[in-house]
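Each chain is listed here by its residues.
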Protein chains: 4
Amino acid sequence: MEGFGFVRSQPVEFRDLDGLGHVNNAVYGSYLESAKVDYFREIVGVTDLQELGIVADLKITFRSPAFLGETLAIGTRIGQVGTKSLQFEFEFRGPDGRLVAEATSVHVAFDYELRQTTTVPDEWRTRIGAHESRTLARA
Amino acid sequence: MEGFGFVRSQPVEFRDLDGLGHVNNAVYGSYLESAKVDYFREIVGVTDLQELGIVADLKITFRSPAFLGETLAIGTRIGQVGTKSLQFEFEFRGPDGRLVAEATSVHVAFDYELRQTTTVPDEWRTRIGAHESRTLARA
Amino acid sequence: MEGFGFVRSQPVEFRDLDGLGHVNNAVYGSYLESAKVDYFREIVGVTDLQELGIVADLKITFRSPAFLGETLAIGTRIGQVGTKSLQFEFEFRGPDGRLVAEATSVHVAFDYELRQTTTVPDEWRTRIGAHESRTLARA
Amino acid sequence: MEGFGFVRSQPVEFRDLDGLGHVNNAVYGSYLESAKVDYFREIVGVTDLQELGIVADLKITFRSPAFLGETLAIGTRIGQVGTKSLQFEFEFRGPDGRLVAEATSVHVAFDYELRQTTTVPDEWRTRIGAHESRTLARA
């Protein structure tokens with residue numbers, strides 16, 4: 001997927017459908033959460049749930065409904081790294097390449113022991129920078 | 001609801017429907033879980049999630065589909081208290097009184113620190129006994 | 001809730017928690033969906049799922065986590081009625097009055113038979129206008 | 001997986017965890033539903049949701065909790081084909097081979113137009129028989 005160095009493959013399951021027969025809107029929030037967990041594990045090297053931080057903001061624009069039997073591609077990248085936060089960007093595409101949804105979410109580093117926000121670790125910054133600049137270089 | 005001293009009122013939400021337009025089968029597992037949490041809080045006096053123990057067994061028989069706009073009544077009782085376990089019994093009824101589903105679940109007392117099953121506390125036994133025998137006496 | 005003529009009472013259920021012990025982010029999307037279904041039924045007079053239309057856009061800002069045992073108040077209003085769309089605004093508050101989340105969603109009238117967007121019915125416009133202006137007048 | 005000719009690979013997602021940090025009990029109902037949908041599509045040749053029929057009965061025994069990062073194998077077979085019903089049997093195993101859960105569900109053929117149960121089509125019977133006897137022969 002153009003502009004995305006990390007893509008999650010997301011099959012649509014029966015439980016994801018709602019009473020109108022397509023993937024429910026709220027389920028996209030779960031889909032991108034899984035993409036984010038994958039990104040943290042594979043790119044940033046974080047697997048401890050407690051280190052994942054908190055979501056401050058979520059925005060999804062729905063372009064085309066998705067259906068059972070489809071496997072969506074979820075392009076996932078970090079567009080900006082702030083002092084305490086990461087801005088994720090997502091693009092959902094159907095198997096036919098059509099744009100299904102676009103989303104962004106702001107993720108804040110959080111210290112669950114101190115119960116307060118914290119700065120983004122330098123190690124994260126380095127790994128994210130390396131990964132995303134490789135993607136940019138390829139583009 | 002006859003034979004049940006504790007009844008949870010469970011509105012059907014849009015998110016509970018599946019692609020066939022009725023309450024999804026797996027959602028009944030969430031409904032009875034909520035009924036169990038309520039029973040623990042109101043009858044047994046337990047609110048700490050860690051004290052709730054684990055589910056060993058779950059059985060649901062589906063009698064009639066449920067739909068958006070309905071509020072179900074979930075009759076909830078403990079039919080048997082073992083050394084380490086509680087046997088829950090549930091009856092789901094529609095607003096028209098029809099039987100929607102019946103279920104049982106076996107709940108095992110669990111010590112999350114020691115990571116092992118434990119005996120049902122005497123205090124639980126006393127409270128459950130008092131509540132359920134009042135129900136029996138009324139019947 | 002100030003500025004909202006319609007408020008949904010939303011108990012937090014066990015199934016709404018995630019592995020971090022608070023209400024999962026994506027679940028807010030289901031909560032506001034239920035508030036919207038209630039608003040459509042009680043204010044607009046629409047109960048047929050097929051008439052509910054589609055969601056074009058969803059934005060949630062998370063202010064404070066919510067926990068099991070809390071009942072949230074979801075203030076729900078329509079801020080703007082366009083030719084084909086409705087802009088919903090939501091405010092989630094905890095039982096202590098704290099702001100839990102804010103959200104907006106754009107809802108598009110949709111003809112499921114023709115599979116295309118359609119204009120907002122005049123009857124909806126009238127009912128929404130009457131309800132929301134009463135709220136404004138009270139403020 | 002011994003005795004199962006059809007196995008679904010089921011990654012545990014973040015949304016599947018509950019407040020106790022492991023896969024929620026009700027989620028197993030969604031997992032086996034997906035396994036059943038896969039079995040219908042790949043073995044029986046049915047993809048239309050309306051043809052899937054209804055679930056009459058569901059029984060799950062939980063043996064060992066499952067966690068984020070694990071991919072479960074769900075062995076899926078039909079143990080018995082009745083006049084109007086199919087008896088599914090499931091076995092959930094962790095990546096280390098441990099038994100996570102066992103389940104059965106009774107599936108009833110249903111005519112959604114006539115709103116009544118119907119007989120299992122001969123074509124289903126033939127395909128299921130061929131598939132399951134191949135599995136038996138291999139054992």
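Our subject is the structure listed above.
What comes next is a walk through the structure. Predicted, not measured: the structure shown is a model, and the values here were computed from it. (Residues numbered from 1 in each chain as written. Chains lettered and ligands numbered in written order. Predicted model: local features only at pLDDT ≥ 70, side-chain atom pairs only at ≥ 80, totals over all residues. Heavy atoms only, no water.)

## Things to note about the pattern of salt bridges
Keep this limit in mind: Any Lys or Arg side-chain nitrogen found within 4 Å of a carboxyl oxygen on Asp or Glu counts as a salt bridge. Secondary structure elements are taken from DSSP: a helix is a run of H or I of four residues or more, a strand is a run of E of two residues or more, and numbering for both begins at the N terminus. Note on exposure labels: buried denotes an accessible area under 20% of the residue type's maximum, exposed denotes more than 50%, and partly exposed covers the range between, all computed with a 1.4 Å probe on protein chains only.
Applying the stated criterion to the full structure yields 48 salt bridges over all chains. A salt bridge links E13 of chain D to R8 of chain A; the nearest nitrogen and oxygen atoms lie 2.8 Å apart. Within this pair, whereas E13 of chain D is found in the loop between β1 (6-11) and α1 (25-44), its partner R8 of chain A is found in strand β1 (residues 6-11), the two belonging to separate chains. On the basis of relative accessible area, R8 of chain A is assigned to the buried category, the value being 8%. Between R98 of chain B and D96 of chain B there is a salt bridge, with the nearest N and O atoms lying 3.0 Å from each other. Note on D96 of chain B: relative accessible area 55%, which makes it exposed. The network of salt bridges with common partners includes R8, D38, R41 and E42 of chain A together with E13 of chain D.

## A few points about the interface of chain A and chain D
What counts is decided by this rule: Whether two residues are in contact is decided by their heavy atoms: any pair within 4.5 Å suffices. Values labelled buried area give the accessible surface lost by two parts on being combined, using a 1.4 Å probe and summing over both. Here a polar contact is recorded for every N or O atom pair within 3.5 Å, except that within protein the pair must consist of a potential hydrogen donor and a potential acceptor, and residues adjacent in sequence are included only if both atoms are side-chain atoms. Charged residues are taken to be Asp, Glu, Lys and Arg, nonpolar residues to be Ala, Val, Leu, Ile, Met, Phe, Trp, Tyr, Cys and Pro, and polar residues to be all remaining types, Gly included.
Taken together, the contacts link 15 residues of chain A with 15 residues of chain D. Surface buried jointly by chain A and chain D totals about 1,300 Å² across both partners, of which 55% is contributed by carbon and sulfur atoms. Residue R15 of chain A pairs with D16 of chain D through a salt bridge whose shortest N-O separation is 2.8 Å. Across the chain A-chain D interface, the total number found is six residue pairs in polar contact (both at pLDDT 80 or more). Where the side of chain A that touches chain D is concerned, the elements lending two or more residues are β1 and α1 (25-44) of chain A. Residues of the side of chain A that touches chain D, tallied by class, amount to seven nonpolar, three polar and five charged.

## Section: the relation of the copies chain B and chain D
Using the following cut-off: The least-squares superposition of copies is restricted to C-alpha atoms, and to residues with a pLDDT of at least 70 in both copies.
When chain B is brought onto chain D, the operation consists of a screw motion whose angular component is 180 degrees and whose axial shift is 0.0 Å, with 0.0 Å RMSD remaining. The symmetry that links the two subunits is that of a two-fold axis. Nearest to the rotation axis, the C-alpha of K59 of chain B is located 2.1 Å from it, this being the minimum over chain B. Same-surface contact between copies: 100% of interface residues of chain B are shared with the interface of chain D.

## With respect to the sheet that holds strand β3 (residues 71-81) of chain D
Worth spelling out the cut-off: Note on pairing: two strands pair once DSSP finds at least 2 bridges between them. Simply put, an axis is a line fit to the C-alpha atoms, just over the touching stretch for a helix, and the angle between two N-to-C directions goes from 0 to 180 degrees.
Taking strand neighbours across the sheet as the criterion, the 10 strands line up as β1(B)-β3(B)-β4(B)-β5(B)-β2(B)-β2(D)-β5(D)-β4(D)-β3(D)-β1(D) in an open arrangement whose pairing is antiparallel. Each having just a single partner strand, β1 (6-11) of chain B together with β1 of chain D make up the two edges of the open sheet. The mean angle between the axes of side-by-side strands here comes to 20 degrees, regardless of whether they run parallel or antiparallel. As paired elements, strand β3 (residues 71-81) of chain B and strand β4 (residues 85-93) of chain B share eight bridges and run antiparallel to each other. When the bridges of β4 of chain B are listed, G75 of chain B appears paired with E91 of chain B. Against the sheet, α1 of chain D makes contact with β2 (54-62) of chain B together with β1, β2 (54-62), β3, β4 (85-93) and β5 (99-108) of chain D, and its axis sits at roughly 135 degrees relative to β1 of chain D, the strand it touches most. Here helix α2 (residues 122-138) of chain D sits on the sheet and contacts β1, β3 and β4 of chain D; the angle it forms with β3 of chain D, its principal contact strand, is near 120 degrees.

## Concerning the sheet that holds β1 of chain A
Within the open sheet, the 10 strands sit side by side as β1(A)-β3(A)-β4(A)-β5(A)-β2(A)-β2(C)-β5(C)-β4(C)-β3(C)-β1(C). Their pairing is antiparallel. Looking at which strands have only one partner, the edges of the open sheet turn out to be β1 of chain A together with β1 (6-11) of chain C. Strand-to-strand twist of the sheet, defined as the mean angle between neighbouring strand axes without regard to direction, takes the value 20 degrees. Packing of helix α2 (residues 122-138) of chain A onto the sheet brings it into contact with β1, β3 (71-81) and β4 (85-93) of chain A, and relative to β3 of chain A it is tilted by some 120 degrees. Along the sheet, helix α1 (residues 25-44) of chain C contacts β2 (54-62) of chain A together with β1, β2 (54-62), β3 (71-81), β4 (85-93) and β5 (99-108) of chain C; its crossing angle with β1 of chain C, the most-contacted strand, is approximately 135 degrees.

## Some remarks on the packing of aromatic side chains
Our working rule: Within 6.5 Å between ring centres, the rings of Phe, Tyr and Trp (the latter by its six-membered ring) count as paired, and their orientation is classed by plane angle as stacked under 30 degrees, edge-to-face over 60, tilted in between. By definition here, charges over rings are those cases where NZ of Lys or CZ of Arg is within 6 Å of the ring centre and within 35 degrees of the ring normal.
What the rule picks out here adds up to 36 aromatic pairs over all chains. With 5.5 Å between their ring centres and 80 degrees between their planes, Y39 of chain A and F88 of chain A make a pair best called edge-to-face. Of this pair, Y39 of chain A sits in helix α1 while F88 of chain A sits in strand β4, and the two are 49 residues apart along the sequence. Looking at Y39 of chain A, the relative accessible area reads 0%, which means it is buried. A relative accessible area of 0% places F88 of chain A in the buried class. Each residue in the set F6, Y39, F40, F88, F90 and W124 of chain A is aromatic and connected to the rest through ring pairs, giving one cluster. In this structure, K36 of chain B is placed above the aromatic ring of F88 of chain B, and the distance from its NZ or CZ to the ring centre is 5.7 Å.

## Structural notes on the packing of α1 of chain D against α2 of chain D
Residues and elements named next belong to chain D. Just so we agree on the cut-off: For classification purposes, angles smaller than 35 degrees are called roughly parallel, those larger than 145 roughly antiparallel, those between 65 and 115 roughly perpendicular, and all remaining angles oblique.
Direction vectors running N to C along α1 and α2 enclose 95 degrees, while the axes themselves pass 10 Å from each other. One finds that α1 runs roughly perpendicular with respect to α2. In contact with Y39, F40, I43 and V44 of α1, α2 contributes W124, R127, I128, H131 and E132. A per-class count over the contact of α1 with α2 returns six nonpolar, one polar and two charged.

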